Amino acid sequence: MSRQDETRAGLRFFGRVSASVSHEIKNVFAVINEAAGLIEDFTLMAERGMPLQPERLKSAANSIQGQIRRGDAIIKNMNAFAHSTDEDVREVNLVEGLALAVALSTRFADMRQVKLTMGECEPVSMVASPFDLTRLLHSSIAAALDRLEAGDTLVIGVRPEGGGASFSLSSPGKDGPLRDDEPFADLARAMNASVSVNEKTGTSELLLERAGSSE
Amino acid sequence: MRVLLVDDEVELVSAMAERLGFRGVDADWADNGESALEMADKTEYAVAVLDMKMPRLSGLDLMDRLADKHPDMKFIFLSGHGSESDFKAGCAAGCNYLIKPIQLEELVALINRVTK
């Protein structure tokens, strides 16, 4: 893949995630809008003599507060994602990197009715491009989701492995959901990453070698 | 006239149904396409208000399924999508739609217009 194509692929990924986040925020605003409208309706009816029901007002206010918490978490993740482009490479906490990739992928999983969760994670960090790492993990999750069905669960964990790290992708009761790195082969190659099956656990493993270790 | 609201955001769709009730529009709601299809088999709805992006059955797919069984039903779409042009491209000419967050009075006016 040429450098120009690679740049376009990165931009497309940034756009895809941003579009998903903006859609989620639209939904947050839409719920707040209706809850606020409900409170307004209650007060208008009270002005016309209908008694106010405090528990209904409380429920609508709780809905608004819950949506603000939801919106705040979405924006926090979006902000972390935007800052992943600040430096080309840096020391990255891979547990935090995985948590961000999972958060940014949750809506994609929800649309397929697959539950996406963090599994066992051991502290591990390495020098990497934070943006490329998020893209690699997001692409891996998307490829795994393609092999799952509504009602399935995708569990992702990370642990240190040979100076690098191994991300495990599994779905209870199913074979490892990630077969190969074909959907993200160029990026995987550029990051010294490869996909394998852990025969002992029956899970898919995305192995990320320490930078420069393959040279 | 009875209206069916379908959106996977339960807090949104339940509040909309209640607010429509205050305005004299009887509305039921569902948070997924399969439930909506079952409800439409049991109750006659003049209008279905459908979210475009829902798990499994999208708003457009649900419209096709509902229209097949209930040819007189009218449809209005709610879209949270940032790109109106994308939405229009995916929607046949003549689709009625509102972009979230909506003004309820606009929805009531649209419901009245499509059922005239």
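Cut-offs applied
Residues numbered from 1 in each chain as written. Chains lettered and ligands numbered in written order. Predicted model: local features only at pLDDT ≥ 70, side-chain atom pairs only at ≥ 80, totals over all residues. Heavy atoms only, no water. UniProt positions renumbered as here; feature names shortened; annotations may be inferred. Helix = DSSP H or I, 4+ residues; strand = E, 2+ residues; numbered from the N terminus. Buried < 20%, exposed > 50% of the residue type's maximum accessible area, 1.4 Å probe, protein only. Contact = heavy atoms within 4.5 Å. Areas by Shrake-Rupley, 256 points an atom, 1.4 Å probe, with all protein chains shown as cover. Rg over C-alpha atoms; globule rule 2.2 N^0.38 Å. Domains from an automatic or database assignment. Buried area = accessible area lost by both parts, 1.4 Å probe. Salt bridge = Lys/Arg side-chain N within 4 Å of Asp/Glu carboxyl O. Polar contact = N/O pair within 3.5 Å; in protein donor to acceptor, adjacent residues only side chain to side chain. Nonpolar A, V, L, I, M, F, W, Y, C, P; charged D, E, K, R; others polar. pLDDT = per-residue confidence, 0-100. Pairing = 2+ DSSP bridges. Axes fitted to C-alpha atoms, helices over the stretch in contact; angles between N-to-C directions.

- Labelled according to an unreviewed UniProt entry, chain B appears under the name Histidine kinase, originating from Pseudodesulfovibrio indicus.

- Naming follows an unreviewed UniProt entry, where chain A appears as histidine kinase of Pseudodesulfovibrio indicus.
- Taken from UniProt, the Catalytic activity (unreviewed entry) comment for chain A reads in full: "ATP + protein L-histidine = ADP + protein N-phospho-L-histidine."

Brief notes about the overall build of chain B
Piece 1. For chain B, the helix and strand inventory stands at five helices and five strands.
Piece 2. Ordered by position in the sequence, the α and β elements of chain B form the string β-α-β-α-β-α-β-α-β-α.
Piece 3. In chain B, which comprises 116 residues, the share counted as buried stands at 47%.
Piece 4. Of the contacts formed within chain B by residues at least 6 apart in sequence, a portion of 59% connects residues at least 24 apart.
Piece 5. Summing over all exposed atoms, chain B offers an accessible surface of approximately 5,500 Å²; the carbon and sulfur share of this is 46%.

Description of the overall build of chain A
Piece 1. Helices and strands together make up the secondary structure of chain A, namely five helices and seven strands.
Piece 2. Starting at the N terminus and walking to the C terminus, you meet the elements of chain A as α-α-β-α-β-β-α-β-β-α-β-β.
Piece 3. The C-alpha atoms of chain A give a radius of gyration of 21 Å, which is well past the 17 Å a tight globule of 215 residues would have.
Piece 4. Seen along its three principal axes, the alpha-carbon backbone of chain A occupies a region of about 80 × 40 × 30 Å.
Piece 5. Taking all 215 residues of chain A together, 41% fall into the buried category.
Piece 6. Accessible surface, chain A: about 11,400 Å² in total, of which carbon and sulfur atoms supply 51%.

Examining the domain arrangement of chain A
All names here are of chain A.
Piece 1. According to the domain assignment, chain A consists of domain 1 (3-84) and domain 2 (90-208).
Piece 2. Centre-to-centre separation of domain 1 and domain 2, based on C-alpha positions: 28 Å.
Piece 3. On the domain 2 side, the residues contacting the 15 residues of domain 1 number 11 residues.
Piece 4. With both sides pooled, the region where domain 1 packs onto domain 2 buries about 1,300 Å², and carbon together with sulfur makes up 68% of that total.
Piece 5. When the shortest N-O distance is used, the salt bridge between Arg135 and Glu6 registers 2.8 Å.
Piece 6. At the boundary of domain 1 with domain 2, the tally comes to three residue pairs in polar contact (both at pLDDT 80 or more).
Piece 7. When contributions to the side of domain 1 that touches domain 2 are tallied by element, the ones reaching two or more residues are α1 (3-47) and α2 (54-83).
Piece 8. Looking at which element gives the most residues to the side of domain 1 that touches domain 2, the answer is α1, with 11 residues.
Piece 9. Counted by class, the side of domain 1 that touches domain 2 contains seven nonpolar, five polar and three charged residues.

Topic: the interface of chain B and chain A
Piece 1. Listed as interface residues are 21 residues of chain B and, on the opposing side, 22 residues of chain A.
Piece 2. Taking both partners together, chain B and chain A bury about 2,000 Å²; carbon and sulfur atoms supply 53% of that area.
Piece 3. Counting the surface chain B buries against chain A, the share from its top three residues, Glu9, Glu11 and Arg19 of chain B, is 25%.
Piece 4. Remark: the boundary between chain B and chain A carries five salt bridges.
Piece 5. Where Arg19 of chain B meets Asp41 of chain A, a salt bridge forms, and the shortest distance between an N and an O atom there is 3.0 Å.
Piece 6. Linking chain B with chain A are 12 residue pairs in polar contact (both at pLDDT 80 or more), by the criterion used here.
Piece 7. No other element matches the seven residues that helix α1 (residues 10-22) of chain B contributes to the side of chain B that touches chain A.
Piece 8. For the side of chain B that touches chain A, a count of residues per class yields 10 nonpolar, three polar and eight charged.

Notes on the confidence of the model for chain B
Piece 1. Confidence along chain B averages 91 in pLDDT terms, with 88% of residues attaining 70 or more.
Piece 2. The ipTM value of the predicted complex is 0.91, and its pTM value is 0.90.

Description of the sheet that holds strand β3 (residues 47-51) of chain B
Residue and element names in this part refer to chain B.
Piece 1. Strand order in the open sheet formed by five strands is β2-β1-β3-β4-β5, with parallel pairing between adjacent strands. The sheet is open, and its two borders are formed by β2 (26-30) and β5 (96-99), each paired with just one other strand. Across this sheet, the average inter-strand angle for adjacent strands is 20°, counted without regard to direction.
Piece 2. Of the pairings in the sheet, the one linking strand β1 (residues 2-6) to β3 comprises four bridges and is parallel in character.

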